[in-house]
Amino acid sequence: MKSKAFSTRFLCMTGIMAALVCIMTMVIQIPIPLGYAHLGDAFILLTVLFVGKRSGFWAGGIGSALADLLTGYAYWAVPTFIIKSLMAYIAGKIAYNKDGTCSLFSVRSLIACIVGMAWMVVGYTVAGAILYGGLAEGLASTPGLAVKGVLNLVVCYGVGALFEKAKIRPLLTADRKGNA
(Lines give C-alpha, C1' and ligand atoms only; values in the text may rest on other atoms or scores of the structure.)
Protein backbone atom coordinates (compact mmCIF):
# COMPACT_ATOMS: atom_id res chain seq x y z
CA MET A 1 0.00 0.00 0.00
CA LYS A 2 1.34 3.38 -1.05
CA SER A 3 1.65 5.91 1.78
CA LYS A 4 -0.02 9.29 1.36
CA ALA A 5 2.37 10.88 3.86
CA PHE A 6 4.94 13.41 2.82
CA SER A 7 8.22 11.50 2.60
CA THR A 8 11.60 13.15 2.88
CA ARG A 9 12.16 12.52 -0.84
CA PHE A 10 8.80 14.10 -1.68
CA LEU A 11 9.53 17.18 0.45
CA CYS A 12 13.02 17.61 -1.01
CA MET A 13 11.96 17.18 -4.64
CA THR A 14 8.96 19.46 -4.14
CA GLY A 15 11.12 22.11 -2.49
CA ILE A 16 13.69 21.98 -5.28
CA MET A 17 10.98 22.23 -7.93
CA ALA A 18 9.24 25.10 -6.06
CA ALA A 19 12.56 26.96 -6.06
CA LEU A 20 13.01 26.25 -9.77
CA VAL A 21 9.47 27.47 -10.52
CA CYS A 22 10.17 30.63 -8.51
CA ILE A 23 13.49 31.27 -10.26
CA MET A 24 12.05 30.66 -13.73
CA THR A 25 9.21 33.03 -12.89
CA MET A 26 11.58 35.75 -11.75
CA VAL A 27 14.49 35.47 -14.23
CA ILE A 28 12.72 36.39 -17.47
CA GLN A 29 9.80 38.76 -17.04
CA ILE A 30 8.05 40.23 -20.06
CA PRO A 31 5.49 42.90 -19.12
CA ILE A 32 1.88 42.25 -20.15
CA PRO A 33 -1.26 44.07 -18.96
CA LEU A 34 -1.79 43.44 -15.22
CA GLY A 35 1.48 41.55 -14.76
CA TYR A 36 4.26 39.78 -16.61
CA ALA A 37 4.92 36.71 -18.74
CA HIS A 38 7.56 34.21 -17.60
CA LEU A 39 8.70 30.58 -17.97
CA GLY A 40 7.61 29.37 -14.53
CA ASP A 41 4.51 27.64 -15.89
CA ALA A 42 6.63 25.35 -18.04
CA PHE A 43 8.39 24.15 -14.91
CA ILE A 44 5.10 23.62 -13.09
CA LEU A 45 4.04 21.32 -15.92
CA LEU A 46 7.43 19.60 -15.95
CA THR A 47 7.08 19.01 -12.21
CA VAL A 48 3.66 17.45 -12.74
CA LEU A 49 4.85 15.26 -15.62
CA PHE A 50 8.22 14.19 -14.20
CA VAL A 51 8.07 14.45 -10.42
CA GLY A 52 4.38 13.83 -9.76
CA LYS A 53 0.94 15.34 -9.33
CA ARG A 54 1.26 16.22 -5.64
CA SER A 55 4.69 17.79 -6.12
CA GLY A 56 3.34 19.79 -9.05
CA PHE A 57 0.44 21.04 -6.94
CA TRP A 58 2.64 22.27 -4.09
CA ALA A 59 5.68 23.39 -6.12
CA GLY A 60 3.48 25.28 -8.58
CA GLY A 61 1.50 27.09 -5.91
CA ILE A 62 4.35 27.85 -3.52
CA GLY A 63 7.00 28.67 -6.15
CA SER A 64 4.70 30.99 -8.10
CA ALA A 65 3.30 32.74 -5.01
CA LEU A 66 6.82 33.20 -3.67
CA ALA A 67 7.85 34.81 -6.96
CA ASP A 68 4.93 37.24 -6.63
CA LEU A 69 6.01 38.12 -3.09
CA LEU A 70 9.62 38.67 -4.16
CA THR A 71 8.86 40.74 -7.29
CA GLY A 72 6.48 43.32 -5.83
CA TYR A 73 3.19 41.61 -6.70
CA ALA A 74 2.33 40.54 -3.14
CA TYR A 75 -1.37 41.26 -3.70
CA TRP A 76 -1.34 38.51 -6.37
CA ALA A 77 0.24 35.86 -4.09
CA VAL A 78 -3.00 34.26 -2.88
CA PRO A 79 -4.75 34.25 -6.29
CA THR A 80 -1.52 32.94 -7.83
CA PHE A 81 -1.23 30.15 -5.27
CA ILE A 82 -4.80 29.06 -6.02
CA ILE A 83 -4.54 29.39 -9.81
CA LYS A 84 -1.16 27.66 -10.17
CA SER A 85 -1.95 24.88 -7.69
CA LEU A 86 -5.19 24.14 -9.53
CA MET A 87 -3.39 24.34 -12.87
CA ALA A 88 -1.04 21.58 -11.70
CA TYR A 89 -3.91 19.59 -10.17
CA ILE A 90 -5.94 19.71 -13.39
CA ALA A 91 -2.95 18.80 -15.55
CA GLY A 92 -2.02 15.94 -13.22
CA LYS A 93 -5.55 14.54 -13.12
CA ILE A 94 -5.65 14.37 -16.90
CA ALA A 95 -2.02 13.36 -17.63
CA TYR A 96 -1.73 10.31 -15.39
CA ASN A 97 -3.12 6.91 -16.24
CA LYS A 98 -4.99 4.85 -13.64
CA ASP A 99 -1.82 2.86 -12.97
CA GLY A 100 0.05 6.03 -11.96
CA THR A 101 2.15 6.35 -15.09
CA CYS A 102 2.58 9.34 -17.33
CA SER A 103 4.31 9.76 -20.67
CA LEU A 104 5.47 13.16 -21.88
CA PHE A 105 4.83 12.38 -25.53
CA SER A 106 1.26 11.16 -25.27
CA VAL A 107 -1.94 12.79 -26.45
CA ARG A 108 -3.16 12.56 -22.87
CA SER A 109 -0.24 14.64 -21.53
CA LEU A 110 -0.53 17.20 -24.32
CA ILE A 111 -4.25 17.65 -23.60
CA ALA A 112 -3.44 17.89 -19.88
CA CYS A 113 -0.93 20.67 -20.47
CA ILE A 114 -3.26 22.57 -22.80
CA VAL A 115 -6.17 22.34 -20.36
CA GLY A 116 -3.88 23.39 -17.49
CA MET A 117 -2.75 26.44 -19.45
CA ALA A 118 -6.33 27.27 -20.43
CA TRP A 119 -7.25 27.20 -16.73
CA MET A 120 -4.35 29.55 -15.99
CA VAL A 121 -5.61 32.05 -18.59
CA VAL A 122 -9.18 31.89 -17.27
CA GLY A 123 -8.05 32.04 -13.64
CA TYR A 124 -5.91 35.13 -14.13
CA THR A 125 -8.57 36.82 -16.27
CA VAL A 126 -11.14 36.35 -13.49
CA ALA A 127 -8.66 37.30 -10.75
CA GLY A 128 -7.66 40.43 -12.70
CA ALA A 129 -11.31 41.38 -13.08
CA ILE A 130 -11.82 41.01 -9.33
CA LEU A 131 -8.59 42.75 -8.27
CA TYR A 132 -8.89 45.63 -10.73
CA GLY A 133 -12.64 46.16 -10.56
CA GLY A 134 -14.05 45.05 -13.89
CA LEU A 135 -14.21 42.41 -16.58
CA ALA A 136 -12.65 44.75 -19.16
CA GLU A 137 -9.57 45.08 -16.95
CA GLY A 138 -9.32 41.31 -16.55
CA LEU A 139 -9.81 40.70 -20.27
CA ALA A 140 -6.98 43.13 -21.06
CA SER A 141 -4.51 40.50 -19.88
CA THR A 142 -6.05 37.55 -21.74
CA PRO A 143 -4.11 37.82 -25.05
CA GLY A 144 -0.78 38.13 -23.22
CA LEU A 145 -1.67 35.22 -20.96
CA ALA A 146 -2.61 33.08 -23.96
CA VAL A 147 0.73 33.81 -25.67
CA LYS A 148 2.51 33.07 -22.38
CA GLY A 149 0.64 29.75 -22.19
CA VAL A 150 1.72 28.70 -25.68
CA LEU A 151 5.33 29.74 -25.00
CA ASN A 152 5.34 27.74 -21.76
CA LEU A 153 3.94 24.67 -23.57
CA VAL A 154 6.76 24.85 -26.12
CA VAL A 155 9.38 25.25 -23.37
CA CYS A 156 7.83 22.42 -21.34
CA TYR A 157 8.02 20.01 -24.26
CA GLY A 158 11.50 21.19 -25.31
CA VAL A 159 12.99 20.79 -21.85
CA GLY A 160 10.91 17.64 -21.30
CA ALA A 161 12.40 16.11 -24.45
CA LEU A 162 15.88 16.81 -23.05
CA PHE A 163 14.86 15.19 -19.74
CA GLU A 164 13.60 12.13 -21.60
CA LYS A 165 16.76 11.90 -23.72
CA ALA A 166 18.87 12.13 -20.56
CA LYS A 167 16.66 9.45 -18.93
CA ILE A 168 16.30 11.36 -15.68
CA ARG A 169 12.67 10.48 -14.95
CA PRO A 170 13.66 7.74 -12.46
CA LEU A 171 15.83 10.26 -10.58
CA LEU A 172 12.92 12.69 -10.17
CA THR A 173 9.95 10.45 -9.38
CA ALA A 174 8.85 9.28 -5.96
CA ASP A 175 9.45 5.56 -6.54
CA ARG A 176 12.63 6.00 -8.63
CA LYS A 177 11.04 3.83 -11.34
CA GLY A 178 9.36 6.63 -13.26
CA ASN A 179 6.00 6.47 -11.47
CA ALA A 180 4.57 9.30 -9.41
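What counts, and where the lines are drawn
Residues numbered from 1 in each chain as written. Predicted model: local features only at pLDDT ≥ 70, side-chain atom pairs only at ≥ 80, totals over all residues. Heavy atoms only, no water. Helix = DSSP H or I, 4+ residues; strand = E, 2+ residues; numbered from the N terminus. Rg over C-alpha atoms; globule rule 2.2 N^0.38 Å. Buried < 20%, exposed > 50% of the residue type's maximum accessible area, 1.4 Å probe, protein only. Phe/Tyr/Trp six-rings, centres within 6.5 Å; stacked < 30°, edge-to-face > 60°. Lys NZ or Arg CZ within 6 Å of the ring centre and 35° of its normal. Expected span 1.5 Å × (residues − 1). Axes fitted to C-alpha atoms, helices over the stretch in contact; angles between N-to-C directions. Parallel < 35°, antiparallel > 145°, perpendicular 65-115°, else oblique. Left-handed = near helix turned anticlockwise from the far one by under 90°. Contact = heavy atoms within 4.5 Å. Nonpolar A, V, L, I, M, F, W, Y, C, P; charged D, E, K, R; others polar.

Novice: Can you help me understand the overall build of the chain in this one?
Specialist: Tallying secondary structure elements over the chain gives eight helices and two strands in all. Reading the chain from its N terminus to its C terminus gives the helix and strand order α-β-β-α-α-α-α-α-α-α. For 180 residues, the compact-globule estimate of 2.2 N^0.38 gives 16 Å, and the C-alpha radius of gyration of the chain, at 16 Å, lies within 12% of that figure. Each principal axis of the C-alpha atoms in the chain carries an extent, and together these give about 50 × 30 × 30 Å. Taken across its 180 residues, the chain has 48% of its residues classed as buried.

Novice: What should I look at first to understand the packing of aromatic side chains in this one?
Specialist: Where two aromatic rings form a pair, the distance of their centres and the angle of their planes describe that pair. The full count for this structure, using the stated rule, is nine aromatic pairs. Ring centres of F50 and F163 lie 5.2 Å apart, and the angle between their planes is 85 degrees; this geometry places the pair in the edge-to-face category. Of this pair, F50 sits in helix α2 (residues 40–51) while F163 sits in helix α7 (residues 142–166), and the two are 113 residues apart along the sequence. Both rings, one in Y75 and one in W76, keep their centres 6.4 Å apart while their planes meet at 45 degrees; by these two values the pair is tilted. For W76, a relative accessible area of 4% puts it in the buried group. Aromatic rings pair up to connect Y36, Y73, Y75, W76, Y124 and Y132 into one cluster. Between R54 and the ring centre of F10, over which it is positioned, the NZ or CZ distance is 4.4 Å. Above the face of the F50 ring, R169 is positioned so that its terminal group lies 4.3 Å from the ring centre.

Novice: For this particular structure, what's the right way to read α7?
Specialist: Here α7 is 25 residues long and its end C-alpha atoms lie 36 Å apart, about the 36 Å a rise of 1.5 Å per residue gives. Restricting attention to buried positions, one finds in α7 the residues G144, L145, K148, G149, N152, L153, V155, C156, Y157, V159, G160 and F163. Positive phi shows up at K167, right after α7, with a value of about 55 degrees.

Novice: Just checking my understanding: could you explain helix α5 (residues 107–132) for this structure?
Specialist: Residues spaced three or four apart along an α-helix face the same direction, because each turn holds 3.6 residues. Its 26 residues give α5 an end-to-end C-alpha distance of 37 Å, which sits within 8% of 38 Å, the value for a rise of 1.5 Å per residue. Positive backbone phi, at 90 degrees, marks G133, one or two positions downstream of α5.

Novice: It is not clear to me how the packing of α2 against α5 should be interpreted in this structure. Could you clarify?
Specialist: For any two helices packed against each other, the geometry is given by the interaxial angle and the distance between the axes. Running from amino to carboxyl end, α2 crosses α5 at an angle of 140 degrees, the nearest separation of the two axes being 11 Å. By the angle between their axes, α2 is oblique relative to α5. The chirality of how α2 crosses α5 is right-handed. When α2 is examined against α5, the residues D41, L45 and L49 are found in contact with a partner set consisting of S109, C113, M117 and M120. In the contact of α2 with α5, the residues fall into five nonpolar, one polar and one charged.

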